[in-house]
Amino acid sequence: MDSCMWSIIAFFMILIARTNAAVIDLQWVIATDDTRRPTSFDQSVITINDMFPGPLINATTNDIVKVNVFNNLVEPLLFTWNGIQQRLNSWQDGVSGTNCAIQPGTNRTYAFVAKDQIGTFSYFPSINYQKLAGGFGPIRVNNRIVINVPFPKPEAEFDLLIGDWYFKDYKVIRSSLGASRDVPDMMLINGQPPHGYNTSRFYEVFKVNKGKTYRFRVSNIGSTLSFNFRIQNHKMVIVETEGSYTNQITLDSLDVHVGQSYSVLVTADLDDSSDYYIVASPKLLNTSDDSLLVGKAVLSYSISGAPVSGPIPDGPDPWDIEFSVNQARSIRWNLTAGAARPNPQGTFNVSNVTLSATYILHGSKANIGPWFRHVVNNVSYATPATPLKLADYYVNGSGVYRLGDFPTHSVKDIAKFGVSVVGAIHKGWHELVFQNDLSVMDSWHLDGYGFYIVGFGKGEWTSGSRSTYNLYDPVVRSTVQVYPGWWTAVYVFLDNPGMWNLRSQHLKHWYLGQELYVRVHDDDPNPAKEYPPPENLLLCGMFGEIAPGGAPEPQPGG
């Protein structure tokens, strides 16, 4: 075993000793299971250990999570840990630019640390459009016992994985993606169809006791639609989003966009003789109460004797973007609460930072030759045979990508394919402006980091738009929505070395090229360096299937 591997093991041992961290060992068997159906007819879904959705990863800050994934699908597979920052360890990111895929009939163990994180997250397959068929599940990262949580301990916690669903097989949809807008068929809540869909089918029920308060961890694990979440006649208090405690505001309903997660507190303080609807209705889409695209579950009091009945609770106009934007602006960082550490979140202030770079990223669509594609600044990402991270480490990117090829501001060029990599400044503050040139909602995510959400605006962003930014208490999260015809601006401090995926969370946009990679690297040997490749590193592309011990030596600057 080489010195690099021993140093990693030593780091983990020190971490466990100092923080009472646990090692969580998980064994996952991934399969396509024709006997588990979310609808009333035969449909293949992707299961994990025969579960749909997949099992909960329940960790505490600084725990070491090991997931041994056995791929029993008929095609390659990768998992990404949506929102887990994986400090100094993009080798475990599980996207095409950092990992070789797990081939059918083989396995690979992911190992990552929830380093200095708390919050609500999710995981899902990242390649081959497989997320459309399942393989997704919840992640909780709990506070260490010695860190105060800014609200009383709830009676219980519930994970709600909510997302749109298609009746067609994901491989059929994958093979026929085109310019037309594809509308999903159903909204599922924890893999269950809406209440009332079919009397022979189950629906999701959450049992509560009168007078008690519960934490609902709500994640949009869909592929296309944002939704508005609400519970009939009950108020909800938003307390956390993707690793940040928020100012506690009381809401009747909450918009949740693709890839996002929230925690809300709900007190069961109403008449406990009847049940109540839990509703997730799509945004930017006209639906009726009985539409299959309106997810419906049930909040059931322990002594309730009456089932839910009548109309579902009204939500905001699904086309009212101003409502959604105003709500998003009201979700702010709790500056006085600690999170993974005892120091207040507000210790990290962005009001006086010096920006190292600004990237203006237009998400749009284009035809490139005979192919319909999604593009960023008129470049559609073309996945190379060799993952970028491998090429970066072993041959300094040679033959796979070139820094400087991706236009970080201009969209004047004719649309083209490219291997889009941005060279970022290590430990520099970067301003990212996401411009949505599409007629549908979009959302963006950066692996390895959290965004400071500083502004939303209609039309074209200009430097004068900065006067509208909230630099006092912007919430920090890993996925941010971008409204059609609007821009969203974020700040991010790039202190986590690695090759990190920046993508649309809208599955079709992502699959058809709306992504790029951010290379965070510093040749100076003094800054903290990323971990070396893991011992179980998979090789592919220009490196073939070489055993890790036979891999080439890294080149200078890699």
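Residues numbered from 1 in each chain as written. Predicted model: local features only at pLDDT ≥ 70, side-chain atom pairs only at ≥ 80, totals over all residues. Heavy atoms only, no water.

Asks: Report on the sheet that holds strand 16 (residues 254-256), specifying residues and quantitative values.
Replies: Spatial ordering of the open sheet is given by 11-19-18-13-16, a layout of five strands whose pairing is mixed. Strands at the two margins of the open sheet, each flanked by one partner only, are strand 11 (205-208) and strand 16. Between one strand and the next, the sheet's axes are offset by a mean angle of 25 degrees, whatever the strand orientation. As judged from the five bridges shared by strand 18 (residues 276-282) and strand 19 (residues 295-301), these two strands associate in the antiparallel manner. Across the sheet, residue Val279 finds its bridge partner in strand 19, namely Lys296. (Pairing = 2+ DSSP bridges. Helix = DSSP H or I, 4+ residues; strand = E, 2+ residues; numbered from the N terminus. Axes fitted to C-alpha atoms, helices over the stretch in contact; angles between N-to-C directions.)

Asks: Residue-level account of the pattern of salt bridges, with values.
Replies: Taken as a whole, this structure holds 19 salt bridges when the rule is applied. A salt bridge links Arg341 to Asp116; the nearest nitrogen and oxygen atoms lie 2.4 Å apart. Remark: Asp116 occurs in the loop between strand 6 (107-113) and strand 7 (119-125) and Arg341 occurs in the loop between helix 3 (321-330) and strand 20 (355-368); sequence separation between them is 225 residues. Residue Glu157 is joined to Arg217 by a salt bridge in which the shortest nitrogen-to-oxygen separation is 2.8 Å. Taken together, the residues Glu157 in strand 9 (residues 156-165) and Arg217 in strand 12 (residues 213-220) connect sequence positions 60 residues apart. For Arg217, a relative accessible area of 2% corresponds to the buried category. Within the structure, one salt-bridge network assembled from shared partners comprises Arg140, Glu157, Asp159, Arg215, Arg217 and Glu240. (Salt bridge = Lys/Arg side-chain N within 4 Å of Asp/Glu carboxyl O. Buried < 20%, exposed > 50% of the residue type's maximum accessible area, 1.4 Å probe, protein only.)

Asks: An account of helix 3 is requested, with residue identities and associated values reported.
Replies: What sets the pattern is the α-helix's 3.6 residues per turn: residues three or four places apart point alike. Burial in helix 3 covers these residues: Ile321, Ser324, Val325, Gln327 and Ala328. Down the axis of helix 3, the buried side of the element spans an arc of 160 degrees, and every buried residue falls inside it. Tucked into the core, helix 3 has its buried residues touching strand 15 (244-251), strand 16, strand 27 (451-458), strand 29 (479-482) and strand 30 (486-493). The backbone nitrogen of Glu322 lies 3.3 Å from a side-chain oxygen of the residue at the head of helix 3, namely Asp320. (Arc of directions from axis to C-beta. Contact = heavy atoms within 4.5 Å. Polar contact = N/O pair within 3.5 Å; in protein donor to acceptor, adjacent residues only side chain to side chain.)

Asks: Explain the side chain of Asp473 to me, and be specific about the residues and the numbers.
Replies: Looking at the secondary structure, you find Asp473 in the loop between strand 27 and strand 28 (476-477). In this structure the side chain of Asp473 is engaged in a polar contact, spanning 3.2 Å, whose partner is the side chain of Arg332. Beyond its immediate chain neighbours, meaning those up to four positions away, Asp473 contacts Asn247, Arg332, Trp333 and Leu335.

Asks: Mind laying out the packing of aromatic side chains, listing which residues take part and the relevant values?
Replies: What the rule picks out here adds up to 33 aromatic pairs. Ring geometry for Trp91 against Tyr393: centres 5.4 Å apart, planes inclined by 80 degrees, an arrangement best described as edge-to-face. One end of the pair, Trp91, is in the loop between strand 5 (79-82) and strand 6; the other, Tyr393, is in helix 4 (residues 388-395), with 302 residues separating them in the sequence. For Trp91, a relative accessible area of 0% corresponds to the buried category. Considering the side-chain rings of Tyr381 and Tyr517, the 5.5 Å spacing of their centres and the 45 degrees angle between planes classify their relative orientation as tilted. With Tyr381 in strand 22 (residues 379-381) and Tyr517 in strand 32 (residues 515-521), this pair connects stretches of sequence that are 136 residues apart. The class of Tyr517 is buried, set by a relative accessible area of 0%. Note that Arg108 overlies the ring of Tyr110, its terminal NZ or CZ placed 4.9 Å from the centroid. (Phe/Tyr/Trp six-rings, centres within 6.5 Å; stacked < 30°, edge-to-face > 60°. Lys NZ or Arg CZ within 6 Å of the ring centre and 35° of its normal.)

Asks: Which residues make up the sheet that holds strand 6, and what are the values?
Replies: Across the sheet, four strands lie side by side as 2-1-4-6; this open sheet has mixed pairing. Lying at the two open borders of the sheet, with one neighbouring strand each, are strand 2 (45-48) and strand 6. Taken over all neighbouring pairs, the strand axes of this sheet differ in orientation by 25 degrees on average, direction set aside.

Asks: Any chance you could break down the pairing of strand 17 (residues 261-267) for me, citing the residues and the numbers?
Replies: With six of seven residues buried, strand 17 lies mostly within the body of the structure. Strand direction decides the pairing type here: strand 12 and strand 17, joined by seven bridges, are antiparallel. Residue Tyr214 lies in a different strand from strand 17, and its bridge partner there is Val266.

Asks: Can you explain the state of the cysteines? Please cite residues and give values.
Replies: What the rule picks out here adds up to one disulfide. Bridging Cys100 to Cys540, the disulfide has an S-S length of 2.1 Å. When the S-S torsion is -90 degrees, as for the bridge of Cys100 with Cys540, the disulfide is left-handed. One end of the pair, Cys100, is in the loop between strand 5 and strand 6; the other, Cys540, is in the segment after strand 32, with 440 residues separating them in the sequence. What makes Cys100 buried here is its relative accessible area of 6%. (Disulfide = S-S within 2.5 Å.)

Asks: Describe in detail unusual backbone geometry, supporting the description with residues and values.
Replies: Following Phe52, the chain continues to Pro53 via a peptide bond in cis, the omega torsion being -5 degrees. Secondary-structure assignment places Pro53 in the loop between strand 2 and strand 3 (57-60). Of note, the phi angle at Asn377 is positive, near 50 degrees, even though the residue is not glycine. With respect to the helices and strands, Asn377 occurs in the loop between strand 21 (371-376) and strand 22. A positive phi angle, near 55 degrees, is found at Asn396, a position not held by glycine. Inspection of the secondary structure assignment puts Asn396 in the loop between helix 4 and strand 23 (416-418). You can call Asn396 partly exposed: its relative accessible area is 38%.

Asks: How would you sum up the side chain of Arg174? Please name residues and give values.
Replies: Topologically, Arg174 is positioned in helix 2 (residues 170-175). For Arg174, the side chain forms a polar contact with the side chain of Glu75, separated by 3.1 Å. Once residues lying within four places of it in the same chain are set aside, the contact partners of Arg174 are Glu75, Asn128, Tyr129 and Tyr511.

Asks: Can you lay out the confidence of the model for the protein for me, pointing to particular residues and giving the numbers?
Replies: For the protein, mean pLDDT is 92; residues scoring 70 or higher make up 92% of the total. In this model, residues 1-12 is a region of pLDDT below 50 whose contacts with residues beyond four sequence positions or in other chains number 13 contacts. Throughout residues 14-18 the model reports pLDDT below 50, and contacts reaching past four residues in sequence, or to other chains, amount to seven contacts. (pLDDT = per-residue confidence, 0-100.)

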